[in-house]
Structures are given as C-alpha cells and as structure tokens.
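Fold and geometry: a report
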Amino acid sequence: MSQAKSQYTRILVKLSGEALMGGGDYGIDPAVLKRIAGELQAIQEMGVQVATVIGGGNIFRGAGLARAGMDRVAADHMGMLATVMNALAMQDALESLGLHARVMSAIRINEVCEDYIRRRAMRHLEKGRVVIFAAGTGNPFFTTDTAAALRAIEISADVLLKATKVNGVFSEDPVKNPSAVRYSTLTFDRVLNEKLNVMDATAIVMCRDNHLPLRVFNLNNSGDLTRIVRGEDVGTTVTVE
C-alpha cells in the first residue's frame, strides 16, 4: 500500500497491558500479541511511522497494590518494570514478522533495552523502526496514559490512538446498557467536564493544551486500526474544538 492512502505520517498507539491477556486472567496470550503485531505491521506498510506505549496491568498494577497498603513509589516502580516486560514481548513479536523494533525505557535498564532519548527515538522512526516506549514517564504517580500523551507530543505524532475494549466513548457503559450512544466526536473540555472515562485527566489536559488529536477505538475489532489510519469513521475522535 502507498503512503497516499494513509491519513497520518506518524502515530502513537496506546495499548493497555490487559489487552495482551486475551481470555486469560494474567500474563500474555501469544496469539493476541501476534495479532496486535500484525496490525502494527499493516499500518507501517502503509508508510506510517509507528510508536507505541504499553501498560503493565496484565502483570502488575502499581496503583492497585498502593491502595492495598504498599508504598506507592515502590509499587509504581514495579509497574514500570512490568511495562518493560510487555515491551520486550512486543518487540519480539514484531521482529518475528520481519520488522525492526526498538524498546526505549524511561528508566535505565541498558542490558535489555535502550534509554529513552528523544532524538534517537525520532531517528528510529524516520528509519522505519517501530519504537516501543517502556517504563511510563519514569516517575511514580503518573499513568501510562500520561506517558503516551507525553511521548506522542515529544515525537510530534499526528494522533494518539487509544486502544480499549469498546468502539469509542459512550454516554454510558455499553456493556451494562446496550442502548448507550457512541460519540463520533468530542472535545477535550467535554471529556473533562463530564468526567467521561477516556484517559486520566492529566493525559487529556496534555493532549488539549498541545492540540494533539485523540482517537479511541476497540482493539478487539480486527482491522479497525488500519481503517482509522485510512481515515474511516471508527471509534471516537477527541479534539480541542
């Protein structure tokens, strides 16, 4: 496919750690990992520069253990390490398809991946490598949603694509209420004012203040990622106006 068929030049895809579990309760489902890698390959073959941020909730969720009494800083550091594990798994899946991928960590872990350096990340993207940002922002108290917004802004991505379990943002939980209405478009201010469950408020404000469009879509719908890159009306688009 030619780049002319793509709406974007550079994107960042935010994946939750839970997305990698498939039907399991914990860990990584190799079949799901391979399918997601295939979707990333498909959009890269359209000429799009691809970066991604992966959460760690399938292995360890820092905020959850902090609520149970663990020191929040220690718990968040453990959560960062979980994202590194997921990033390495995704790198392996991409390379098994013949792609070149680089894991870049916000915390120093040089024996297994590169340190995050913005200029180097940009160079990897320009050379056609998939860049996987790991370890969140490198700081406790910040979610991987915020890390995704930060990295997308830093690399001048055209859009931040947030993968979820439903096709966009709804007026209510569509699982509990099948009559819930899907929003085709929203503003960041409306998301904040109505406390819609899209991303955490810090990530939303960062996207709004830096005019970074956000698209929320269902990762479980095979091919939706490609359709978004082609410019089709999939999921919910969140913009400044």
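Scroll up to find the structure this text is about.
It should be emphasised that the depicted structure is a prediction, and the values quoted were computed from it without experimental measurement. (Residues numbered from 1 in each chain as written. Predicted model: local features only at pLDDT ≥ 70, side-chain atom pairs only at ≥ 80, totals over all residues. Heavy atoms only, no water.)

Observations regarding the overall build of the protein chain
When helices and strands are counted, the protein chain shows eight helices and eleven strands. For a compact globule of 241 residues, the expected C-alpha radius of gyration is about 18 Å, and the protein chain comes in at 17 Å, within 12% of that figure. A principal-axis box enclosing the C-alpha atoms of the protein chain has dimensions of 50 × 50 × 35 Å. For the protein chain, the residues scored as buried account for 49% of the 241 residues in total. In the protein chain, of all internal contacts separated by at least 6 residues, the share reaching a separation of at least 24 is 71%. Distance between charge centroids for the protein chain: 3 Å, based on 27 positive and 26 negative side chains. (Helix = DSSP H or I, 4+ residues; strand = E, 2+ residues; numbered from the N terminus. Rg over C-alpha atoms; globule rule 2.2 N^0.38 Å. Buried < 20%, exposed > 50% of the residue type's maximum accessible area, 1.4 Å probe, protein only. Contact = heavy atoms within 4.5 Å. Lys, Arg positive; Asp, Glu negative; His and termini not counted. Charge placed at Lys NZ, Arg CZ, Asp CG, Glu CD.)

Digging into the nonpolar core
Ranked by size, the top nonpolar core spans 39 residues in total, and within it Ile 11, Leu 40, Met 90, Leu 94 and Ile 132 carry the most contacts. Those elements giving two or more residues to this core turn out to be strand S1 (10-15), helix H1 (30-44), strand S2 (49-54), helix H3 (72-96), strand S3 (101-105), strand S5 (130-134), strand S6 (159-164) and helix H8 (224-229). Broken down by element, the residue count for this core peaks at seven residues, all from H3. With residues near it in sequence (within four places) discarded, Ile 132 still touches Thr 52, Ile 54, Ala 87, Met 90, Gln 91, Leu 94, Ala 101, Arg 102, Val 103 and Met 104. Among the nonpolar cores identified, the runner-up in size contains 31 residues, and Leu 12, Ala 51, Tyr 183 and Val 238 belong to it. (Core = buried A, V, L, I, M, F, W, Y, C linked by side-chain atoms within 4.5 Å.)

Looking at the sheet that holds S5
Sheets are built from strands that pair by backbone hydrogen bonding, the pairs being arranged parallel or antiparallel. On the basis of which strands lie adjacent, the open sheet formed by nine strands has the order S4-S3-S5-S2-S1-S6-S10-S11-S9 and mixed pairing. In this open sheet, the two edge strands, each paired with only one partner strand, are strand S4 (114-115) and strand S9 (185-187). With three bridges joining them, S9 and strand S11 (residues 236-239) adopt parallel strand pairing. Across the sheet, Leu 186 pairs through a bridge with Val 238, a residue of S11. Those strands touched by helix H5 (residues 144-154) are S1, S2, S5 and S6, and its axis lies near 175° from that of S1. (Pairing = 2+ DSSP bridges. Axes fitted to C-alpha atoms, helices over the stretch in contact; angles between N-to-C directions.)

A closer look at a nonpolar patch on the surface
Together, Leu 65, Met 70 and Met 78 make up an exposed nonpolar region whose accessible area comes to about 230 Å². Topologically, Met 70 is positioned in the loop between helix H2 (62-67) and H3. Its relative accessible area of 32% is what places Met 70 among the partly exposed residues. (Patch = residues over 30% accessible without salt bridge, like charges linked within 9 Å, V, L, I, M, F, W, Y side chains within 5 Å. Areas by Shrake-Rupley, 256 points an atom, 1.4 Å probe, with all protein chains shown as cover. Salt bridge = Lys/Arg side-chain N within 4 Å of Asp/Glu carboxyl O.)

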